[in-house]
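Letter by letter, the chains look like this.
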Protein chains: 2
Amino acid sequence: MVELSKEFVFIEKNFRSLAGEGALGLKDDAAIVKISAGDELVVSADAMVEGVHFFSSDPPDTVGQKLLRCNLSDMAAMGATPLGYLLTISRPPHISEEWFELFCEGLRRDQETYKIFLLGGDTTRTEGNLVLSLTILGTVTQGLSVKRTGAQEGDELWVTGIIGDSALGLKALLNELEESTGYFVNRYRLPQPRVGLPIAGLAHVAMDVSDGLIQDAGHLVRANQLGVTIELEKIPFSQQARSLSSAWLETCLTGGDDYELLIGISPKNSKQLQEISHRMNIPVTQIGFFTAKHTSVKIINKEGHEMKFSNQGWSHF
Amino acid sequence: MVELSKEFVFIEKNFRSLAGEGALGLKDDAAIVKISAGDELVVSADAMVEGVHFFSSDPPDTVGQKLLRCNLSDMAAMGATPLGYLLTISRPPHISEEWFELFCEGLRRDQETYKIFLLGGDTTRTEGNLVLSLTILGTVTQGLSVKRTGAQEGDELWVTGIIGDSALGLKALLNELEESTGYFVNRYRLPQPRVGLPIAGLAHVAMDVSDGLIQDAGHLVRANQLGVTIELEKIPFSQQARSLSSAWLETCLTGGDDYELLIGISPKNSKQLQEISHRMNIPVTQIGFFTAKHTSVKIINKEGHEMKFSNQGWSHF
């Protein structure tokens, strides 16, 4: 019988059991996916690099989960239901077999949580850092996907969950912020993608907050040629973040990695968004609105003064 | 107005013009793809690492083209029509702006040749090697995709094009083989994916030859629990390869990077395969057959003796 190559053994051992319908046991040239009539495909890709997006010392299971969740968050932002993913791994010699066992354990947990599975991918060696690239597929009813363009003057700007904890977690990992409970670090490592929030056909625009609230609100400004005014007092921060010195505010607003949704919605629909979110136990907060009076992101404090931040947002590039 | 980040400038400058319908100008969280009723989606991903799959000194346009063509070859092997692709780039500081301009020029040429376009992706920095990961999407009529399983005893084994030139090109680049014309190197850098060969519904099995003829025939053996007998005399080698010493034969059969199709087909359908291939100007050659008499890949020389090779195939892992 023909011997299996090292790559096949690696795939067999770690990834075969993650594969779902259409993946052909990860043994073929490609996977086959059925898209229901009336749906369209939504597809997105993100790469994560050791030392840039995660630390070599991060628990491997959370690295797998974070990679998946960042991509799930893109699906959530389009109002799409995730279906499956492809994964390419460029593996350097210093990443052990045990590392991949735990990495896959994280993927397995999240596959169950989010009802998705592995469709295919590629593994290769590298002499550089570990590089992981994930492409996610999802579906949305034809014509109902939520894009970044389509906001109208007077639309309310809402955000899910809590902003800033992740950025503080990164600071804690960099030893720039002291924390004893690990709360922020956990929030940094395990974002909560808002998969399932049914914004398709309800919101005018949406996107996920990955580069920091201010920078990402700026993307909405550019895409819609409308200004965004945000009231600082309304931004949802955690109790833990509020207990810190106000010097950390800029980090919270520009640090990124939140993976919450920014949603632009007509005032007449926001009640429905609130009701749905309440039923799903996903917090949503109105933090501002779209305006034609300016074409920037204005953060207004409770005295009505505009606040300025030196750093506009996080970049992995 | 909100300032564009470095990543957005990089995408705008190099990649925006490669984006097609559904890519939303590469400005959104995901792309949207319509799949015609009656078709199913076929999806595959491959990564290429600097120093592993390509040399830093390779012309950047051919790096882009090879990445795309390896993936196109996977579509061809499934009998699928390619549609578009997503690309993630992990960029180290030593790769220049000019490198990416040429890289994109190669992608642009092949997008025209193969009628596909860019759908999305991600760019990130790395301190390691340049890592490129590409996910390709295509479609095939529901139920007609060609997989690796499904061969029957007595099926003929056919191969497109020419085997071995690419592996010799790699040897030339490694200065292990002297060549003055650059023929082999060009064959290594620019494979010819057999996109459009309509094997869907015609062949029993197919796969592309990426790891070497012997190793890939072995994949068919394992997938089908049938042996494969290949007649050495029938394997299509180029005139240039035939003019070399017979010491290079093993390289040709195990070196990989051919990106030709291995096709298992009923004898009653092989005439039709020949006719179609002839019309499309794609050479096809019957090199062997599937048998229940053994469960391995047997290469038989013209005296009828089985040949043994020490190296079974190429691995990038």
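Calculation notes
Residue positions are given per chain, counted from 1 along the sequence in the order it is written. The order in which chains are written sets their letters, starting at A; the order in which ligands are written sets their numbers, starting at 1. With pLDDT at 70 or above as the cut-off, local features in this predicted model cover only qualifying residues; side-chain atom pairs require 80 or more to be listed or tallied, and sums for whole chains, interfaces and linings still use all residues. To obtain the side-chain values, all non-hydrogen atoms of the structure were used and water was disregarded. Between the N-to-C directions of two axes lies an angle of 0 to 180 degrees, each axis being a line fitted to C-alpha atoms and, for a helix, fitted only over the stretch in contact. Segments assigned H or I by DSSP are reported as helices when at least four residues long, segments assigned E as strands when at least two residues long, and all are numbered from the N terminus. For classification purposes, angles smaller than 35 degrees are called roughly parallel, those larger than 145 roughly antiparallel, those between 65 and 115 roughly perpendicular, and all remaining angles oblique. The sense of a crossing depends on the near helix, which, turned anticlockwise from the far helix by less than a right angle, makes the crossing left-handed and, turned clockwise, makes it right-handed. In what follows, a contact means two residues having at least one pair of non-hydrogen atoms within 4.5 Å. Charged means Asp, Glu, Lys or Arg here, nonpolar means Ala, Val, Leu, Ile, Met, Phe, Trp, Tyr, Cys or Pro, and polar covers whatever is left, Gly included. Think of it in three bands: with a 1.4 Å probe and only protein chains considered, a residue is buried below 20% of the maximum accessible area for its type, exposed above 50%, and partly exposed in between. UniProt positions are given in the numbering used here, feature names are shortened, and annotations may be inferred rather than shown by experiment. The arc in question is traced by the directions running from the helix axis to the C-beta atoms.

**What about the packing of helix H2 (residues 60-78) of chain A against helix H3 (residues 97-114) of chain A?**
All names here are of chain A.
Alright, step 1. Following both chains from N to C, one finds H2 and H3 inclined at 40°, their axes separated by 6 Å at the closest point. Overall, the two elements H2 and H3 adopt an arrangement that is oblique. For the crossing formed where H2 meets H3, the hand is right-handed. Contacts from Pro60, Asp61, Val63, Gly64, Gln65, Leu67, Leu68, Arg69 and Leu72 in H2 reach Trp99, Leu102, Phe103, Gly106, Leu107, Arg109, Asp110 and Tyr114 in H3.
Alright, step 2. Looking at the contact of H2 with H3, its residues break down into 10 nonpolar, three polar and four charged.

**Description of unusual backbone geometry**
Alright, step 1. The phi dihedral of Leu24(A) is positive, around 50°, even though this residue is not glycine.
Alright, step 2. On the secondary structure map, Leu24(A) appears in the loop between helix H1 (6-14) and strand E1 (31-33).
Alright, step 3. Exposure remark for Leu24(A): the relative accessible area of 27% places this residue in the partly exposed category.
Alright, step 4. The phi torsion at Asn175(B) lies on the positive side, around 60°, for a residue other than glycine.
Alright, step 5. Position of Asn175(B) among the secondary structure elements: in the loop between helix H4 (165-173) and helix H5 (183-189).
Alright, step 6. By relative accessible area, which is 69% here, Asn175(B) ends up exposed.

**Points about the UniProt feature "binding site: Mg(2+) 1" (unreviewed entry) in chain A**
Alright, step 1. As recorded in UniProt, the feature "binding site: Mg(2+) 1" (unreviewed entry) lies at Asp46(A) and Asp122(A).
Alright, step 2. Relative to the helices and strands, Asp46(A) is located in strand E2 (residues 39-49).
Alright, step 3. When near neighbours in sequence (up to four residues on either side) are disregarded, Asp46(A) contacts Leu67(A), Cys70(A), Asn71(A), Asp74(A), Leu132(A), Ser133(A), Leu134(A), Thr88(B) and Asp122(B).
Alright, step 4. Here Asp122(A) is to be found in strand E4 (residues 117-125).
Alright, step 5. What Asp122(A) contacts, discounting residues up to four positions off in sequence, is Glu7(A), Leu87(A), Thr88(A), Ile89(A), Ala45(B), Asp46(B) and Ala47(B).

**Concerning helix H9 (residues 270-280) of chain A**
Residue and element names in this part refer to chain A.
Alright, step 1. Along H9, the residues classified as buried are Ser270, Leu273, Ile276 and Ser277. Buried residues of H9, seen end-on, are gathered within an arc of 120° and therefore sit on one face of the element. Away from its buried face, by an angle of more than 90 degrees, H9 presents the exposed residues Lys271, His278 and Arg279.
Alright, step 2. Directly after H9, the chain includes Asn281, whose backbone phi takes a positive value near 65°.

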